[in-house]
Amino acid sequence: MLDVGGSDVRMVGIWGIGGIGKTTIAKAVHNTITHKFDGSYFLANVREGSEQHGGLVNLQNILLSKIVGQKELKIYNIHEGITLLRERLRNKRILLIVDDVDNMDQLEKLAGRTDWFGHGSRVIITTRDRHLLIAHHVKSIYKVHELGHHEALELFGSNAFNDNKNLDDNEKLLVTTVVKYAQGIPLALEVLGSYLCDTSIHKWQAMLDGFKKNPPRCIQDILIISYDGLQDTVQKVFLDIACFFKGWKRNEMIQILEGCYRINPEHSIKVLEEKALIYVDVYGQICMHDLLEEMGKDKVLQESTEPSKRSRLWHHKDVQDVLTENMGTCKIEGMMVKMPKEDEIRLSPKCFKKMRNLKIFINVNGRFCGKVDYYPNQLRLLDWPNCPLKSLPSNFNTKNLVRLSMPCSRISRFGEGFKSMENPKSLKLKGCEFLARSPDLSGSPNLEFLDLSFCTSLKKIHPSVGSLKKLVGLDLEGCSKLRMLPGEVNWRSLQTINLNYCRMLESFPEIVGEMKYMTSLRLFSTGIKALPSSIGYLINLEELELHDCGNLTDLPCSIYELQNLEDVVLNDCPKLVRFPNKGDSEVLPTYAKIENDSFYGSSYMEPNGPFTGRPFLIWGFSSHFHFTIIHYNARSMLSHRER
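## Re the overall build of the protein chain
Then, in step 1: Scanning the protein chain from N- to C-terminus turns up 16 helices and 30 strands.
Then, in step 2: Taken across its 643 residues, the protein chain has 51% of its residues classed as buried.
Then, in step 3: When contacts within the protein chain are restricted to residue pairs at least 6 apart in sequence, those whose partners lie at least 24 apart make up 53%.
Then, in step 4: Roughly 30,000 Å² of accessible area belongs to the protein chain as shown, and the carbon and sulfur atoms make up 48% of that amount.

This is the structure:
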């Protein structure tokens, strides 16, 4: 990355969260290679130095003195400093470390462009903000990751023990617990080691429990620098994640926060990523270090000594007090109910009446009792697994809901008020075993995700579902009594549909209009007898798989209209004995010859005919078409491929 022997001028960024070891790495690099340059300097604490009297001018004078060695020269203003530094450095091969940069002005005044420096020079910049490096056209960026477990143990041990102490198994377990708490951040490992150094190891657990409630201030002071530098809108999203959304899917969280009137939450997430305060993993989940989570929660606690006057509630005692003692106020915007044990919470009848701004309600494991007279009507997120209610209360206003998630609940019907739910993007009712019919969603045109999987009493899907033009995903897996889908569907945005194990479902709906976003259709263990001719509207379908569809007797001729279709798999469909005749299709043929091989004998299928021993041609598919028939009852298999 540095290529020290190269003749070009190169800038390299070292980026990561506060306390992760950026400065330590930069110092080690500086000390290792400094002798290979005409001059070098480690300009430390640029953020702090630029805030002091004289600011950047003082830092420019330091560079001029230390690297150029001309103490008699004095810079009096920033623009003069830029000119003088460029003139005196452009012919020198130098190594410059610019440490802890937090805004563009610092880079522009201290290490403006590569033409400031002589051939072979190297400039290393450490920062918490990746965006600064990108904006300064730094192409090589090294992200500092947390220490691995063994490295973390070694660093912690060097600070916690004055000698090579032999630990018994219980002591080793305590050490491992402390190291896991630090999660590989060197600063935390060093600070915790120093705190615990003079303490009996058997008292460590109690001290660690105290740190989780009130982390050492020197760790918090380092971490909070990045938070304090955020805009107000980004700070709010950071606190939302710390209190409620750590581990949630990025896109789901964005939907909810948009509904909560957070200004451009997608941009806020990008900023938080660039400042290494969060990261999004390969599964699309929001991840945040535990110490940052605690720092965020500590900021909320500082809003007031009274829980009812804070914006977010998550601690079980605070939540219980507010709900049972009618202490709610308009300050509360979000609440998570997560009890240490499943104690019953007796709700005050008017517990929600004063919570006029409550937008987020997440119930993890709370069990409620008591009659509630008033429900919050500003909710954007209602997440309540195992809800005991058989129906939503008639006075519960769903108009502003963006996401309703009530999996494994006892709900069996939806009242008229549900029709006014205008804004939902996601409705998740997975495993609601008493639900016999899906809700009327005619008033929810913006719905994107509908999950009714494993609703084992569900028999019919309301016709309004067929008109959801923005629906992206529909999950009906395991609805073992489902018999009826909407007769016609206009799912122009649909990407995935899951009908697996709907064994009583005999018909697939007629498709109205093109569905260009669906590339794969897989049906496992359904009772479907035939696919409709309108399947030709799946214009970008690439894969068609039918497994264990025991009632399937026909495929439509319109299958030849699927010009992007590459794979057809028919597995254990014993009643499917004929392939549709291409002659019935009006689409002009494209020619794709299909080779054939047999694993179990010579029982093949050909167009408009039963299984035979003769090879055949299939017309109208993609030139990359792959066709597989596995028919276990007949002990025959046909595999054709042309690539």
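Moving on from the coordinates now.
## Focus on helix α11 (residues 217–228)
Then, in step 1: Taking 1.5 Å as the rise per residue, α11 with 12 residues should run 16 Å; its terminal C-alpha atoms sit 15 Å apart, in good agreement.
Then, in step 2: The set of residues buried in α11 consists of Ile219, Gln220, Leu223, Ile224, Ser226 and Tyr227. Along the axis of α11, the buried positions cluster into a sector of 145°, meaning they face one direction only.
Then, in step 3: Among the structural elements, α9 (186–196), α12 (232–245) and α15 (290–301) are those in contact with the buried residues of α11.

## As for the pairing of strand β22 (residues 543–547)
Then, in step 1: With four of its five residues buried, β22 lies for the most part within the structure.
Then, in step 2: Pairing geometry for strand β21 (residues 520–524) and β22, over five bridges, is parallel. By the bridge assignment, Ser520 is partnered in β22 with Glu543.

## Section: the sheet that holds strand β2 (residues 39–43)
Then, in step 1: Taking strand neighbours across the sheet as the criterion, the five strands line up as β2-β3-β4-β1-β5 in an open arrangement whose pairing is parallel. Each edge of the open sheet carries a strand with a single partner, namely β2 and β5 (140–143). Strand-to-strand, the axes of this sheet are offset by a mean angle of 15°, without reference to chain direction.

Conventions we followed
- Here the residue numbering is sequential within each chain, running from 1 through the sequence in written order.
- Where totals are concerned, whole chains, interfaces and linings use all residues; where local detail is concerned, this predicted model gives features only for residues with pLDDT of at least 70, and gives and counts side-chain atom pairs only at 80 or more.
- Think of the side-chain values as coming from all heavy atoms in the structure, minus any hydrogens and water.
- Secondary structure elements are taken from DSSP: a helix is a run of H or I of four residues or more, a strand is a run of E of two residues or more, and numbering for both begins at the N terminus.
- Classification of residues uses two cut-offs on accessible area relative to the type maximum, computed with a 1.4 Å probe and protein chains only: under 20% is buried, over 50% is exposed, and between them is partly exposed.
- Any pair of residues with heavy atoms lying within 4.5 Å of one another is described as a contacting pair.
- In these tables, accessible area is a Shrake-Rupley quantity obtained with a 1.4 Å probe, and a residue counts as shielded only by the protein chains included in the view.
- Expected helix span is computed as 1.5 Å times (number of residues minus one).
- Taken from the helix axis, the directions to the C-beta atoms give the arc we talk about.
- Strand pairing follows a simple DSSP-based rule, namely that at least 2 bridges must link the two strands.
- Under this scheme, a helix contributes an axis fitted over its contacting stretch, all axes are lines through C-alpha atoms, and angles between N-to-C directions fall in the 0 to 180 degree range.

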